[in-house]
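Letter by letter, the chains look like this.
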Amino acid sequence: MKTTAPRPKPRPHVKGTTSPRDSWRVQTGEAILRTLGSTPAGLSSAEAATRLLNNGPNQLIERKHISRWRIFASQFNSLLVWILIVAGIVSGFMGQKIDALAILAIVILNAAIGYYQEYRAEQSIAALRQLTAPRANVQRDGQPQLIAATAIVIGDILALEAGDWVPADARLLETSSLKCVESTLTGEAEAVTKHSDVLKSDLVPLGDSSNMVFMGTSVAGGRGKAVVVATAMNTELGRIAGLLTETGGEEKTPLQQRLNSLAKVLVWSTLGIIGLLFGLGLMRGTKPLDLLLNAISLAVAAVPEGLPAVVTVALALGVSRMARSHALVRRLTAVETLGCTTVICTDKTGTLTLGQMTVRALYVSGRHYEVKGEGYSPQGQVLFQGKPTATADHVPLLQLGEGLVAGNYSQLQQKDGVWSLMGDPTEGALLSAGIKAGANREQIEREWPKLGELPFDSDRKRSSITRRMPDGTCRLFANGAPGPLVGLCTQVYTSTGVRSMTDEDRAHILAQTSRMAKQALRVLASAYRDLAVTPAPAMNPEEAEHDLVFVGLSGMYDPPRPEASVAVAKCQAAGIRVVMITGDHPETASAIAREIGIASPAGHTLTGAELEKLTEAQLRKQAADIAVYARVTAEHKLRIVRAWQAREAVVAMTGDGVNDAPAIKGADIGIAMGKSGTEVTRQAADMILTDDNFSTIVAAIEQGRGIYDNIRKTLQYLLAGNTAELLLMTLCLVLGMPIPLLPIHLLWINLVTDGLPALCLATDPIEADLMKRQPRRRNERIANPKFVRTMLLTGLLTAGVTFAVFLYGLRTGTTETARSSAFTVLVFAELLRAFGARSETEPIWRIPFFSNINLIAVVVISLGLQVLSQHSAVVGKILNTGYMPLMDAFGLLVIGAIPLGVLELLKLRSKR
């Protein structure tokens with residue numbers, strides 16, 4: 001009586017590539033069946049039902065969704081937002097209902113935009129579920145059955161054929177030319193040949209587990225039978241789902257952290273000043289009601305009401321600009337994170353490369369040819385010594401091209417101008433190269449009918465197809481690994497015809513193979529043989545594949561994107577480190593990295609096996625010296641990202657496969673490919689590249705830097721104004737003078753001189769030299785010493801001229817006229833200062849004046865409104881201002897320009 005397989009515990013998050021279950025690789029099929037309580041005929045329906053009840057369905061567990069109300073409430077998780085809310089409440093108690101409603105409207109708008117950006121951001125696990133096969137062929141009760149993939153249990157026997165999705169992790173029991181595409185898990189575009197033999201060691205990376213198949217991958221060709229050893233969350237895909245759950249916490253971006261820190265300083269400083277002045281007033285015998293009015297005025301003066309709106313608008317504008325540049329941002333705060341990125345960890349396949357095998361070199365009859373064109377497109381030239389070839393002059397090249405096409409199983413299709421492949425990626429590359437070399441696919445299929453075939457076998461390391469030639473003879477076309485295939489050749493095709501192959505010929509061919517392999521090319525050889533008799537459909541390899549005529553060699557690889565090297569160079573000029581992390585082979589990864597400028601010729605490539613031996617501390621120490629990681633798993637990628645983060649780096653992670661998703665989600669900024677990327681990767685990312693162009697990342701980083709700069713100079717403009725107001729109010733209260741500005745004046749100043757000009761500064765054009773600067777440090781405060789010095793100096797200058805005008809008004813007129821003059825000159829000074837705030841280093845006469853037309857319009861309109869308040873009885877009554885002659889207003893405008901003039905002269909002196 002069979003025993004029910006125990007329910008395995010979910011695989012813990014470990015740093016290795018193996019687990020106790022990985023011992024399936026080093027056990028025989030018979031031993032595994034005994035361990036799992038199964039047979040070659042499969043489980044019984046009753047046993048399968050029992051196991052399904054005990055172990056649960058074969059589907060990935062989806063994380064609990066965050067409710068919409070919780071997402072909305074999280075938008076208020078900022079001290080600065082609460083300062084703004086308090087300011088609105090204070091304004092309401094003071095009777096300024098319009099101002100209170102305006103402030104609260106800004107808060108709600110900010111929350112609504114943030115909610116819209118973050119809604120449905122937690123969809124990663126749901127997308128993973130879509131990668132599982134909906135139905136699968138299994139053996140149950142000794143009969144083949146088609147069942148739902150969710151009903152598969154440990155011990156089930158799977159029947160796999162070309163085109164199938166693998167529904168669970170399974171150990172192969174039988175194979176017939178089985179090849180699987182595992183790019184979603186390993187990042188490798190090339191199909192992997194599978195077998196059922198026992199491996200010598202269980203300490204192998206995922207990409208080398210040649211006797212296993214994994215959930216979420218697909219069968220490219222051949223057939224196989226396998227026993228299920230892991231389902232649901234215990235699969236490799238389930239492990240990635242678990243990693244996504246671990247990295248699910250959304251950390252605050254550097255800008256959020258800095259603004260929250262600044263807000264705390266602002267709050268405590270304001271409370272300290274208010275408390276000090278309140279106590280001083282009580283000692284002087286000032287009425288508590290008057291002191292409360294003063295305290296409220298100081299609080300209003302200290303709070304930059306427009307800051308959250310400015311930050312939101314600046315980020316939203318950045319999102320809009322990036323969308324036009326093929327970068328879709330899923331979270332507003334991710335825009336700023338891009339701006340301080342110091343390290344980009346990027347996948348190779350499909351990100352830096354095209355994700356398609358392409359033949360780049362051919363060797364035939366002693367000549368080397370260069371093959372142009374990208375991807376599977378058959379459009380491209382074959383060059384000899386840099387010049388296009390002519391078929392009449394290169395007959396051996398045509399012979400090689402016809403062999404590549406005639407001995408091929410794959411098909412190329414064109415749809416909407418894009419070529420795609422049906423079949424194995426390697427054969428697709430050979431087919432495309434054969435057509436470029438002059439072979440006519442349609443003519444060959446029509447006039448050279450297929451008679452039989454010998455699919456690729458891992459033991460033979462080659463495939464063969466026989467065809468009937470137009471003259472009635474039969475010919476076998478073989479393509480495979482150079483070593484074994486050349487060993488079967490007795491003749492060689494040359495420009496003068498076929499001749500016998502010598503030992504020197506063999507050595508020379510193998511030397512050319514080695515030469516091409518050192519260029520990171522995967523090399524395949526092509527040969528043919530004319531058969532004396534018509535072969536049977538089921539040929540015997542030993543009888544058919546011998547006495548071959550060697551034709552030539554094909555060298556292929558997954559080429560880098562044409563724009564990748566330019567993008568990498570721009571990153572390096574901007575002080576951004578680019579690190580390649582791939583599941584591909586070390587030699588291939590190193591060659592691509594050197595070609596696009598990521599690694600130097602002497603650079604070291606660290607493999608997953610080597611990384612496995614490093615502790616977290618060792619990896620953190622060595623991370624800065626390693627530019628390329630190869631043969632790594634999803635867990636390794638996440639470890640590398642965290643090692644850089646432990647070095648205080650702001651890390652961006654790019655990729656397209658499922659194996660990239662955990663690192664993408666764990667990075668400071670996750671970037672997914674929109675065209676070639678999987679849905680789970682897109683859902684885990686903060687930003688999606690709609691054109692899959694690595695250079696788009698550079699443009700996005702430039703936008704992020706520009707947005708941060710705009711926010712920083714806008715913040716400095718706002719805080720300098722608030723500092724001036726606070727210093728003015730504090731100085732008058734300490735000296736026992738009347739309050740120079742009423743609360744309504746302060747609210748008007750914050751609305752007219754802070755709000756609208758600040759929005760215009762936040763949308764200022766990006767400075768030209770931005771990508772020549774080094775990135776900001778992660779721990780750099782937004783209010784650094786230079787920021788604080790400029791802010792205090794600006795505040796002192798503005799408060800100084802305003803205090804002088806107020807003092808002069810008190811001596812020559814009434815308190816009301818003095819307040820009106822102080823109020824007006826402060827408004828003028830802050831409006832004019834907006835022009836100088838556009839750059840921290842360049843004086844205003846070196847900044848294109850009309851490059852920010854919105855700021856000019858806002859300043860002119862605001863100046864007009866201020867003058868109107870002195871000539872309109874209605875507006876004057878609301879703002880408590882009196883009549884002022886135009887000449888007096890002009891005089892105050894000149895005085896208000898003094899702070900701007902001093903600051904611009906200091907810029908010029910500093911620059912010199």
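Just so it is clear, the structure is predicted and the values come from calculations on it, not from any experiment.

Observations regarding the overall build of the chain
And then number 1: Helices and strands together make up the secondary structure of the chain, namely 33 helices and 28 strands.
And then number 2: Taken over 912 residues, the chain has a buried fraction of 56%.
And then number 3: Contacts in the chain between residues at least 24 apart in sequence constitute 73% of all its contacts with a sequence separation of at least 6.
And then number 4: Accessible surface, the chain: about 38,300 Å² in total, of which carbon and sulfur atoms supply 59%.

Section: the sheet that holds strand β26 (residues 651-655)
And then number 1: The eight strands are arranged β8-β28-β27-β26-β9-β23-β25-β24 in an open sheet whose pairing can be described as mixed. One side of each edge strand has no neighbouring strand; the edge strands of this open sheet are β8 (327-329) and β24 (605-607). Going across the sheet, the axis of each strand differs from the next one's by a mean of 20 degrees, ignoring polarity.
And then number 2: Pairing of strand β23 (residues 577-581) with strand β25 (residues 628-630) involves two bridges; the strand directions are parallel. Bridge pairing links methionine 580 to valine 628 in β25.
And then number 3: The sheet strands contacting helix α20 (residues 586-596) are β23, β24 and β25, and the helix crosses β25 at an angle near 155 degrees.
And then number 4: Sheet strands touched by helix α23 (residues 634-646): β9 (343-346), β23, β25 and β26. Its angle to β26, the strand with the most contacts, is close to 160 degrees.

Here we look at the pairing of β26
And then number 1: Among the five residues in β26, five count as buried, and that is most of the element.
And then number 2: Burial along β26 is two-sided: the face carrying Val651, Met653 and Gly655 and the face carrying Ala652 and Thr654 are both buried.
And then number 3: Note that β9 and β26 share four bridges and pair parallel. Bridging across to β26, isoleucine 344 finds its partner in alanine 652.
And then number 4: Of the pairings in the sheet, the one linking β26 to strand β27 (residues 669-673) comprises four bridges and is parallel in character. Opposite alanine 652, over in β27, you have isoleucine 669 as the bridge partner.

A look at the nonpolar core
And then number 1: Membership of the largest hydrophobic core comes to 68 residues, with the highest contact counts inside it found for Phe550, Ile598 and Met687.
And then number 2: Top element by residues in this core is helix α26 (residues 694-734). It accounts for seven residues.
And then number 3: Those residues in contact with phenylalanine 550 that sit more than four places away from it in its chain are Val486, Cys489, Gln491, Val492, Tyr493, Met501, Ile509, Ala525, Ser526 and Ala527.
And then number 4: Core analysis: the next-biggest nonpolar cluster, separate from the first, contains 44 residues, Met737, Phe806, Phe828 and Leu855 among them.

Brief notes about the side chain of glutamine 512
And then number 1: Structurally, the position occupied by glutamine 512 is in helix α17 (residues 503-517).
And then number 2: For glutamine 512, a relative accessible area of 10% puts it in the buried group.
And then number 3: A distance of 2.7 Å separates the side chain of glutamine 512 from the side chain of histidine 368, its partner in a polar contact.
And then number 4: Among residues more than four places away in sequence, those in contact with glutamine 512 are Tyr363, His368 and Leu553.

Let's talk about helix α29 (residues 815-836)
And then number 1: Compared with the 32 Å implied by 1.5 Å per residue over 22 residues, the 32 Å span of α29 between its first and last C-alpha is a close match.
And then number 2: Among the 22 residues in α29, 19 count as buried, and that is most of the element.

Thoughts on the packing of aromatic side chains
And then number 1: On inspection of all chains with the given rule, the structure shows four aromatic pairs.
And then number 2: Their ring planes at 85 degrees and their centres at 5.1 Å tell us that phenylalanine 849 and phenylalanine 850 sit as a pair that is edge-to-face.
And then number 3: Accessibility expressed as a relative area gives 44% for phenylalanine 849, which makes it partly exposed.
And then number 4: What links up through ring pairs into an aromatic cluster is the set Phe835, Phe849 and Phe850.
And then number 5: Geometry around phenylalanine 384 places arginine 367 over its ring, the cationic atom sitting 4.7 Å from the centre.
And then number 6: The cationic tip of arginine 647 hangs over the ring face of tryptophan 644; the distance from NZ or CZ to the ring centre is 5.7 Å.

Digging into the pairing of strand β3 (residues 157-161)
Side chains on a regular strand alternate between the two faces of the sheet.
And then number 1: The pairing of strand β1 (residues 135-140) with β3 spans two bridges and is antiparallel. Looking across to β3, one finds that glutamine 139 is bridged to isoleucine 157.

Observations concerning the pattern of salt bridges
And then number 1: Within the structure shown, the criterion is met by 22 salt bridges.
And then number 2: The salt bridge involving glutamate 236 is made with arginine 239; its shortest N-O contact spans 3.9 Å. One end of the pair is glutamate 236 and the other is arginine 239, both in helix α8 (residues 236-246) and three residues apart, which spans about a single turn. Neither glutamate 236 nor arginine 239 differs from the other in exposure class; each is buried.

Digging into helix α1 (residues 29-36)
And then number 1: Among the residues of α1, those classed as buried are Gly29, Ala31, Ile32, Leu33 and Leu36.
And then number 2: Looking at the buried side of α1, the elements it contacts are α2 (45-55), β3, β4 (169-181) and β7 (218-230).
And then number 3: Where α1 ends, the next residue or the one after it, glycine 37, has phi of about 65 degrees, a positive value.

Considering the environment of valine 902
And then number 1: As for its placement among the helices and strands, valine 902 is situated in helix α33 (residues 898-911).
And then number 2: Separated by 105 residues in the primary sequence, valine 902 and leucine 797 place their C-alpha atoms 8.5 Å from one another.

Topic: the packing of helix α19 (residues 564-573) against α26
And then number 1: Contact pair α19 / α26: the axes reach a minimum separation of 7 Å and the direction vectors enclose 30 degrees. By the criterion of interaxial angle, the relationship of α19 to α26 is roughly parallel. Here the hand of the crossing between α19 and α26 comes out left-handed. Contacts between α19 and α26 involve Ala564, Ala567, Val568, Lys570 and Cys571 on the former and, on the latter, Phe694, Ser695 and Val698.
And then number 2: When the residues that make up the contact of α19 with α26 are grouped by side-chain class, the tally is six nonpolar, one polar and one charged.

Each value, and the rule that gives it
Residue numbering note: each chain is counted from 1, following its sequence as written. Under the rules for a predicted model, residues below a pLDDT of 70 receive no local features and side-chain atom pairs below 80 are neither given nor counted, while totals for whole chains, interfaces and linings still include all residues. Where side-chain values are given, they derive from all heavy atoms of the structure, hydrogens and water being excluded. By the criteria applied, helices consist of DSSP H or I runs no shorter than four residues and strands consist of E runs no shorter than two, each listed in order from the N terminus. Think of it in three bands: residues with accessible area under 20% of the maximum for their type are buried, residues over 50% are exposed, and the middle band is partly exposed, with areas taken using a 1.4 Å probe on protein chains only. In this description, contact between two residues means that some pair of their heavy atoms is separated by no more than 4.5 Å. All accessibility values rest on the Shrake-Rupley procedure with a 1.4 Å probe; residue burial counts only the protein chains present in the view. Think of it this way: DSSP has to see at least two bridges between two strands before they count as a pair. Structural elements are reduced to axes, namely lines fitted to C-alpha atoms, with helices fitted over the stretch in contact, and the angle between N-to-C directions of any two is expressed from 0 to 180 degrees. The definition of a nonpolar core used throughout is a set of buried Ala, Val, Leu, Ile, Met, Phe, Trp, Tyr and Cys residues joined through side-chain atoms within 4.5 Å. Residues adjacent in sequence count toward polar contacts only when both atoms are side-chain atoms; beyond that, a polar contact is any pair of N or O atoms within 3.5 Å, and within protein one must be able to donate a hydrogen and the other to accept it. Here the expected length of a helix is defined as 1.5 Å per residue gap, with one fewer gap than residues. Pairing of aromatic rings covers Phe, Tyr and the six-membered ring of Trp, with a centre-to-centre limit of 6.5 Å; geometry is then stacked below 30 degrees between planes, edge-to-face above 60, and tilted otherwise. Counted as over-ring charges are cases with an Arg CZ or a Lys NZ within 6 Å of the ring centre that also lie within 35 degrees of the ring normal. The rule for a salt bridge is simple: a side-chain nitrogen of Lys or Arg has to be within 4 Å of a carboxyl oxygen of Asp or Glu. Any angle from 65 to 115 degrees is called roughly perpendicular, while one under 35 is roughly parallel, one over 145 is roughly antiparallel, and all others are oblique. Should the near helix be turned anticlockwise from the far one by less than a right angle, the crossing is termed left-handed; should it be turned clockwise, right-handed. Residue classes follow a fixed rule: Ala, Val, Leu, Ile, Met, Phe, Trp, Tyr, Cys and Pro count as nonpolar, while Asp, Glu, Lys and Arg count as charged, and any other residue, Gly among them, counts as polar.

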